[in-house]
Amino acid sequence: MKKYPIDFNTGINKEPNTEALITAYQGTVQPKKSVVRVYFPHRGMGWAYYNDSFDLKVGDFVYVEGKLEGYRGQVTEVNYAFKIKLSDYKKVIAVIDTNVKGDYQQGCVYEYDYGQKGVW
């Protein structure tokens, strides 16, 4: 008897290449060293993090290292003039790209996105 996998195998890598996305983002913008305050909605509090990899602005969504790794935070303050001890601060490790490219159409009850990087 032939066994079939539970999941369909289309030969396409299902996990996105996050290293390529981060490299593409870093290549388009010059990073600025800063200390940012990141607010985490699920905790209801914000903490300071060191950033040397991205050009962050207020309102950007980020991921950080440490205990809150894997939780989405939002930048509420950016400070470029600082003098800190780097070992006391955790780092910002990724910025969430919120730009959606493509065409959006709505038909009946369904929504369609015919873009190259549509997020739905």
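Refer to the structure printed above.
Let me sum up the structure you'll find in this document.

Cut-offs used in this document
- Residues numbered from 1 in each chain as written.
- Predicted model: local features only at pLDDT ≥ 70, side-chain atom pairs only at ≥ 80, totals over all residues.
- Heavy atoms only, no water.
- Helix = DSSP H or I, 4+ residues; strand = E, 2+ residues; numbered from the N terminus.
- Buried < 20%, exposed > 50% of the residue type's maximum accessible area, 1.4 Å probe, protein only.
- Contact = heavy atoms within 4.5 Å.
- Core = buried A, V, L, I, M, F, W, Y, C linked by side-chain atoms within 4.5 Å.
- Polar contact = N/O pair within 3.5 Å; in protein donor to acceptor, adjacent residues only side chain to side chain.
- Pairing = 2+ DSSP bridges.
- Axes fitted to C-alpha atoms, helices over the stretch in contact; angles between N-to-C directions.
- Salt bridge = Lys/Arg side-chain N within 4 Å of Asp/Glu carboxyl O.

**Quick look at the environment of V58**
Argument step 1. In this structure, V58 sits in the loop between β2 (45–51) and β3 (61–64).
Argument step 2. Judged by relative accessible area, V58 falls into the exposed class, the value being 58%.
Argument step 3. Taking the C-alpha atoms as reference points, V58 and R37, 21 residues apart in sequence, are found 9.2 Å from one another.
Argument step 4. Residues within four places of V58 in sequence aside, it is in contact with V75, T76, E77 and V78.

**Comments concerning the nonpolar core**
Argument step 1. Counting 12 residues, the largest nonpolar core is built from V36, V38, F40, Y49, F54, L56, V62, V64, L68, V75, V92 and V95.
Argument step 2. Elements with a minimum of two residues in this core: β1 (34–40), β3 and β5 (92–95).
Argument step 3. For this core, the leading source of residues is β1, giving 3 residues.

**Focus on the side chain of D55**
Argument step 1. Within the secondary structure layout, D55 lies in the loop between β2 and β3.
Argument step 2. When its relative accessible area of 12% is taken as the criterion, D55 is described as buried.
Argument step 3. Within polar-contact distance, the side chain of D55 engages the side chain of K57 at 2.9 Å.

**Some details on the sheet that holds β1**
Argument step 1. Strand order across the open sheet formed by 5 strands is β2-β1-β4-β3-β5, with antiparallel pairing between neighbours. The sheet is open, and its two borders are formed by β2 and β5, each paired with just one other strand. Neighbour-to-neighbour, the strand axes of this sheet turn through a mean angle of 45°, independent of strand direction.
Argument step 2. Across 2 bridges, the pairing between β3 and strand β4 (residues 73–79) is antiparallel. Bridging from a neighbouring strand, V62 pairs with G73 of β4.

**As for the pattern of salt bridges**
Argument step 1. This structure, assessed with the given rule, holds 3 salt bridges.
Argument step 2. Taking the shortest distance from any N to any O, the salt bridge between E77 and R37 comes out at 3.9 Å. In this pair, E77 sits in strand β4 while R37 sits in strand β1, placing the two residues 40 residues apart along the sequence.
Argument step 3. Relative accessible area serves as the criterion here: at 48%, E77 is assigned to the partly exposed category.
Argument step 4. Between D52 and K91 there is a salt bridge whose closest N-O contact spans 3.5 Å.

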